[in-house]
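Residues per chain, in single letters:
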Amino acid sequence: MSDSDRDNETSFGSYGGQYVPEALMPALEELEDAYERYVLENEDGFMDDFRARMREFGGRPTPLQRADRLSERYDREVYLKREDLVHGGAHKLNNALGQVLLAKYMGKERIIAETGAGQHGTATAMAAAHLDMPCEIYMGRTDVNRQRPNVYRMRMNGSDVNPVDTGRGTLKEAINATLRDWSKSVETTHYVIGSVVGPHPFPKMVRDFQSVIGTEAREQIQEQAGRLPDSVLACAGGGSNTMGTFHAFVPDEDVGLYAVEAGGSTLEIDEERGIAPNSATLSTGTDGVLHGAMTKLLQSGDGQIMESHSVSAGLDYAGVGPELSYLVDIGRVTPVSVGDEAALEAFHRLSRLEGIIPALESSHALGYLERAAGPAADSASGQGPRAEADEDLGDLVVVNVSGRGDKDLETVLEETEKRDLEAAPDVEVFDR
Amino acid sequence: MSRERRAKRDSRNERAVSDRGERSARSASSGKRVATDGGTDSDIERAIRETHPALIAYITAGDPTLEETKAYVEALDRGGADLIELGLPFSEPIAEGPTIQAAINRSLEAGTTPDSFFELVDGLDVEAPLLVMTYYNMILQYGSEPAVEPFVERAAAAGLAGIIVPDLPAEESEPLREACENHGLDLVFIVAPTTDGERLETIMSQVSGFAYVQARLGTTGARADVSGATHDSLARLSEYSVPKAVGFGVSEGDHAAEIVEAGADGVIVGSALVDLIAEADEPAAALEAKAEELKRGAMRGAEDVPEPEQP
Ligand SMILES: Cc1ncc(COP(=O)(O)O)c(C=O)c1O
């Protein structure tokens, strides 16, 4: 897909674009130029440098692992793409290192970034330390509280963490705050956006840095299973692990692509209070403009952006990457959603069955596998015709495990205690 | 808009038109300096030229309630504001500093909606032309399908003279520009300290009403001084005939004087007024007094500026 005409466009069908204050436009032009030269054309060996660092510092390539007990449980071949093994514990480094390195090549002096779960902030802080760049991270207050270990990790790496107190204090507000910083510091500073969102060229550039996931997985599955998969599953918040996993498979029309969103507590929206108790943007959102791009959004009829919800901080966002909106509209990507409870079950299940503690974000992708192909009849959950979903997944499935779950342990303990989960171990705190 | 206000404005327009003879096409006003300096069918441009140097006041509609906004608009009008920008609140105001963010939150909490906003404007009866300042998604979502036309049509019906959209750069502005042209509204563009070269040309060829010169990088918010970037920006814009108004950080009469002296046709004041609404014991009286101070400052600045030469 290196058709250069397409790569130069600023949008995906009617999605994307550059809806930002004028003050930022010259910086986006500068970034577009750097993206074309360094990333697309490998000027000064930029991409070689990036790949070498991802190998040596980042631990790539990551394995594609056959999950034996999941394969047994779901009666098909299930492979896991192990992005949890990337340095830092998530796919986020693929993008963060790429952008910090690009900022360095561009001669920028300072890095800023937003973070939701803290995974992107952590990855950016690591990359900034590795490349010796000063770095400031904006993080919503709610997220600071529910992702403490990541706050400390960022600080250990020498980054400043700025808590954001507006709104519900999650990813959306963190992005607002970072955009405001950038609109003041734009001449010296690069904004390392954490997902395939924001104005052009971010959605394409982030996708390109992340596309190593799918490129590797596509080769690995052919080597290990002898053919392309029937379906590929990835969770979707902003959608960077999603697009990173899907990009190489988009031209393979027989491969089903499933973007698994956070169903939260329910898909019902509370218009009155402006709250969506989920983050299922692709499944339920409507077209609008947020954070620089036209895309699908959780918004009120008037156009106010809703507060979203998910047990997983990294999926808790009212927008989604414009390319995913486009791929859903043309029918290439199927959006599905998995709620808080099913994600928690999947978290425990993978930990128990495979010895892998997945991020709560990734647990959503694993939760969909259970819903579509699990042994329990799905009629109980009322989430749709199971037989059909089961058949669509096919016999050979790749699931992207976008990150590891160490950061989520506190949340999981708390949320598990509140519920009667089937797959959970005893999480009662030992008496002293 | 109220019939009276339109009548008032129209009679003022007639005066202005007969003063200058033939109306020229709107496009003439936005390009480089042209012969009939000031000949325009733009209410906003005309207001700026007539009241030169103009005071442009911003407040957030619905802060703290729409009822009070009505009183504040009237106070600003009395105090000498020549144009009034009303903010229609959006939940993600990325161009705004803490002061206006807080005003937007207060307005949203009070339940301000696009419809109640337009009803407020319907009922306003002031001399100063009114503009709406809002974010693109608010414009797009008005009406049943995402489209810009219904908002612009309703804005025109309410008697608004122009629109400012801080997150809509020239590149993405075509649909809104067309709708504004169809309904006789001005679409004001922002020129940033980082804007130059081709971008500046493009923006200045599309702007109508006035060019909003952003005094400094960053977000809105009252400051204690006038930035050096203001002087640079005005110098870069001196060859364009469209009126230039400077905003972002202006809070005192002395700033207004300095900015006008540097070549601006108007000053835009927002956060300093919003602060008064949040903090003054009697906001309406305080707004009126502040508008007087700012207008006096602007006029002081104009005394030292020679009349622009005819080309
Ligand atoms: C492990 C992990 N997976 C997924 C996500 C969601 O982001 P995206 O949808 O951009 O992949 C996050 C975000 O923080 C994350 O930490």
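Residues numbered from 1 in each chain as written. Chains lettered and ligands numbered in written order. Predicted model: local features only at pLDDT ≥ 70, side-chain atom pairs only at ≥ 80, totals over all residues. Heavy atoms only, no water.

J.: Describe helix α15 (residues 340–354) of chain A, naming the residues involved and giving the relevant values.
T.: Residue and element names in this part refer to chain A. The end-to-end C-alpha distance of α15 is 21 Å, a good match for the 21 Å that 15 residues give at a rise of 1.5 Å each. Burial runs high along α15: 11 of the 15 residues are buried. Looking at α15, one finds that the buried residues are D340, A343, L344, E345, A346, F347, H348, R349, L350, L353 and E354. Note on α15: the residue one or two positions beyond its end, G355, has a positive phi of about 70°. (Helix = DSSP H or I, 4+ residues; strand = E, 2+ residues; numbered from the N terminus. Expected span 1.5 Å × (residues − 1). Buried < 20%, exposed > 50% of the residue type's maximum accessible area, 1.4 Å probe, protein only.)

J.: Lay out the UniProt feature "modified residue: N6-(pyridoxal phosphate)lysine" (unreviewed entry) in chain A with the relevant residues and their values.
T.: Residue and element names in this part refer to chain A. The feature "modified residue: N6-(pyridoxal phosphate)lysine" (unreviewed entry), as given by UniProt, occupies K92 in the numbering adopted here. By the element assignment, K92 lies in helix α5 (residues 92–106). If near-sequence neighbours (up to four positions away) are discounted, K92 is found in contact with Q119, H120, A123, G194, Q210 and S240. (UniProt positions renumbered as here; feature names shortened; annotations may be inferred. Contact = heavy atoms within 4.5 Å.)

J.: Outline the confidence of the model for chain A, supporting the account with residue identities and numerical values.
T.: Across chain A, the average pLDDT comes to 92, with 94% of residues at 70 or higher. The low-confidence segment residues 377–382 of chain A (pLDDT under 50) makes 5 contacts with residues lying over four places distant or belonging to another chain. (pLDDT = per-residue confidence, 0-100.)

J.: Outline the packing of aromatic side chains, supporting the account with residue identities and numerical values.
T.: All names here are of chain A. One pass over the full model with this rule turns up 17 aromatic pairs over all chains. Here Y38 and F46 contribute two aromatic rings whose centre-to-centre distance is 5.9 Å and whose plane-to-plane angle is 45°, an arrangement assigned as tilted. Take Y38: its relative accessible area is 7%, and that puts it in the buried class. What makes F46 buried here is its relative accessible area of 0%. For the pair F46 and Y105, a centre-to-centre distance of 4.9 Å together with 90° between the ring planes defines the contact as edge-to-face. Of this pair, F46 sits in helix α3 (residues 46–56) while Y105 sits in helix α5, placing them 59 residues apart in sequence. One aromatic cluster is present, formed by Y38, F46, F50, Y105 and F209 through successive ring pairs. When the ring centre of Y38 is taken as origin, the NZ or CZ atom of R37, which lies over that ring, is 4.9 Å away. When the ring centre of F12 is taken as reference, the NZ or CZ atom of K204 above it lies at 5.0 Å. (Phe/Tyr/Trp six-rings, centres within 6.5 Å; stacked < 30°, edge-to-face > 60°. Lys NZ or Arg CZ within 6 Å of the ring centre and 35° of its normal.)

J.: Can you break down the UniProt feature "active site" (unreviewed entry) in chain B residue by residue, with the values?
T.: Following the UniProt record, one finds the feature "active site" (unreviewed entry) at E85 and E96 of chain B. Mapped onto the elements, E85 of chain B comes out in strand β2 (residues 83–87). Here E85 of chain B is in contact with I56, A57, Y58, I59, L131, M133, I164, F210, Y212 and I268 of chain B, once residues within four sequence places are set aside. Mapped onto the elements, E96 of chain B comes out in the loop between β2 and α5 (98–109). By relative accessible area, E96 of chain B is classed as buried at 4%. Residues in contact with E96 of chain B, not counting those within four places in the same chain, are R180 of chain A together with Q101, I104, Y135, T219 and T220 of chain B.

J.: Tell me what's going on with the sheet that holds strand β6 (residues 211–214) of chain B, and back it up with residues and numbers.
T.: All names here are of chain B. Pairing in this closed barrel of 8 strands is parallel, and the strands run β1-β2-β3-β4-β5-β6-β7-β8 around the ring. Along the sheet, successive strands turn relative to each other by an average axial angle of 25°, direction set aside. Taken strand by strand, helix α9 (residues 174–183) contacts β4 (162–164) and β5 (186–191), and its axis lies near 140° from that of β5. (Pairing = 2+ DSSP bridges. Axes fitted to C-alpha atoms, helices over the stretch in contact; angles between N-to-C directions.)

J.: Explain the domain arrangement of chain A to me, and be specific about the residues and the numbers.
T.: Residues and elements named next belong to chain A. Segmentation of chain A into domains returns domain 1 (26–56 + 92–206) and domain 2 (64–89 + 211–418). A C-alpha centroid distance of 23 Å is found between domain 1 and domain 2. Taken together, the contact between domain 1 and domain 2 spans 30 residues of the former and 33 residues of the latter. Here domain 1 meets domain 2 over a buried area of about 2,400 Å², counting both sides, of which 55% is carbon and sulfur. For the side of domain 1 that touches domain 2, the secondary-structure elements that each account for two or more residues are α5, α6 (119–130), α7 (141–146), α8 (148–156), α9 (171–185) and α10 (202–210). Here the side of domain 1 that touches domain 2 gets 6 residues from one element, more than from any other, and that element is α9. Each residue belonging to the side of domain 1 that touches domain 2 can be placed in one class, and the counts come to 12 nonpolar, 11 polar and 7 charged. (Domains from an automatic or database assignment. Buried area = accessible area lost by both parts, 1.4 Å probe. Nonpolar A, V, L, I, M, F, W, Y, C, P; charged D, E, K, R; others polar.)

J.: A description of the sheet that holds strand β5 (residues 110–115) of chain A should follow, citing residues and the corresponding values.
T.: Residues and elements named next belong to chain A. In spatial order, the strands read β7-β6-β5-β8; together these 4 strands make up an open sheet with parallel pairing. Since the sheet does not close on itself, it has two edges, and those belong to β7 (160–164) and β8 (189–191), each with one partner. Ignoring strand direction, the axes of neighbouring strands in this sheet form an average angle of 20°. Sitting on the sheet, α9 is in contact with β5, β6 (135–140), β7 and β8, with an inclination near 160° to β5.

J.: Tell me about the packing of helix α2 (residues 25–40) of chain A against α5 of chain A, and name the residues and values.
T.: Residue and element names in this part refer to chain A. One can describe the packing of α2 onto α5 by two numbers: an axis separation of 11 Å at closest approach and a directional angle of 105°. Between α2 and α5, the angle falls in the class roughly perpendicular. Every residue of α5 that contacts α2 at E30, L31, A34, Y38 and V39 is listed here: L102, Y105 and M106. (Parallel < 35°, antiparallel > 145°, perpendicular 65-115°, else oblique.)

J.: Describe the interface of chain B and chain A, listing the residues and the values that go with them.
T.: Each side of the interface is counted separately: chain B has 34 residues, and chain A has 32 residues. Summing both partners gives a buried area of about 2,700 Å² for chain B against chain A, and 54% of it is carried by carbon and sulfur. Contact with chain A buries area across many residues of chain B, yet E92, I94 and E172 of chain B alone supply 22% of it, more than any other trio. Where chain B touches chain A, the interface holds 3 salt bridges. The partner of E92 of chain B in a salt bridge is K172 of chain A, and the shortest N-O contact between them spans 2.7 Å. Our enumeration of links across chain B and chain A arrives at 20 residue pairs in polar contact (both at pLDDT 80 or more). Mapped onto the side of chain B that touches chain A, the elements with two or more residues apiece are α5, α7 (136–141) and α10 (197–206) of chain B. (Salt bridge = Lys/Arg side-chain N within 4 Å of Asp/Glu carboxyl O. Polar contact = N/O pair within 3.5 Å; in protein donor to acceptor, adjacent residues only side chain to side chain.)

J.: So what's going on with the pattern of salt bridges? Which residues, and what values?
T.: One pass over the structure, following the stated rule, counts 45 salt bridges over all chains. Here R106 of chain B and D63 of chain B are joined by a salt bridge, their closest N and O atoms 2.7 Å apart. Here R106 of chain B is found in helix α5, whereas its partner D63 of chain B is found in the loop between β1 (54–60) and α4 (66–79), with 43 residues between them in sequence. On the basis of relative accessibility, which here comes to 28%, the residue R106 of chain B falls in the partly exposed class. One salt-bridge network, in which partners are shared between bridges, spans E22 and E29 of chain A together with E171 and R199 of chain B.

J.: Help me get a handle on a negative patch on the surface, residues and values and all.
T.: Residues and elements named next belong to chain B. There is a patch of like negative charges on the surface, built from E258, E261, E303 and D304. Residue placement: E303 occurs in helix α14 (residues 283–303). According to the relative accessible area criterion, E303 is exposed, its value standing at 65%. (Patch = residues over 30% accessible without salt bridge, like charges linked within 9 Å, V, L, I, M, F, W, Y side chains within 5 Å. Areas by Shrake-Rupley, 256 points an atom, 1.4 Å probe, with all protein chains shown as cover. Lys, Arg positive; Asp, Glu negative; His and termini not counted. Charge placed at Lys NZ, Arg CZ, Asp CG, Glu CD.)

J.: Let's hear about the pairing of β5 of chain A: which residues, and what values?
T.: Residues and elements named next belong to chain A. Most of β5 is tucked away: 6 of the 6 residues are buried. Here β5 shows two buried faces, one formed by R110, I112 and E114 and the other by I111, A113 and T115. Direction of pairing for β5 relative to β8: parallel, over a ladder of 3 bridges. Opposite I111, over in β8, you have H190 as the bridge partner. As paired strands, β5 and β6 are joined by 5 bridges and run parallel to one another. Bridged to T115 within β6 is M139. In this fold, the crossover linking β5 to β6 by way of α6 has right-handed handedness. (Right-handed = clockwise from strand over helix to strand, strands pointing away.)

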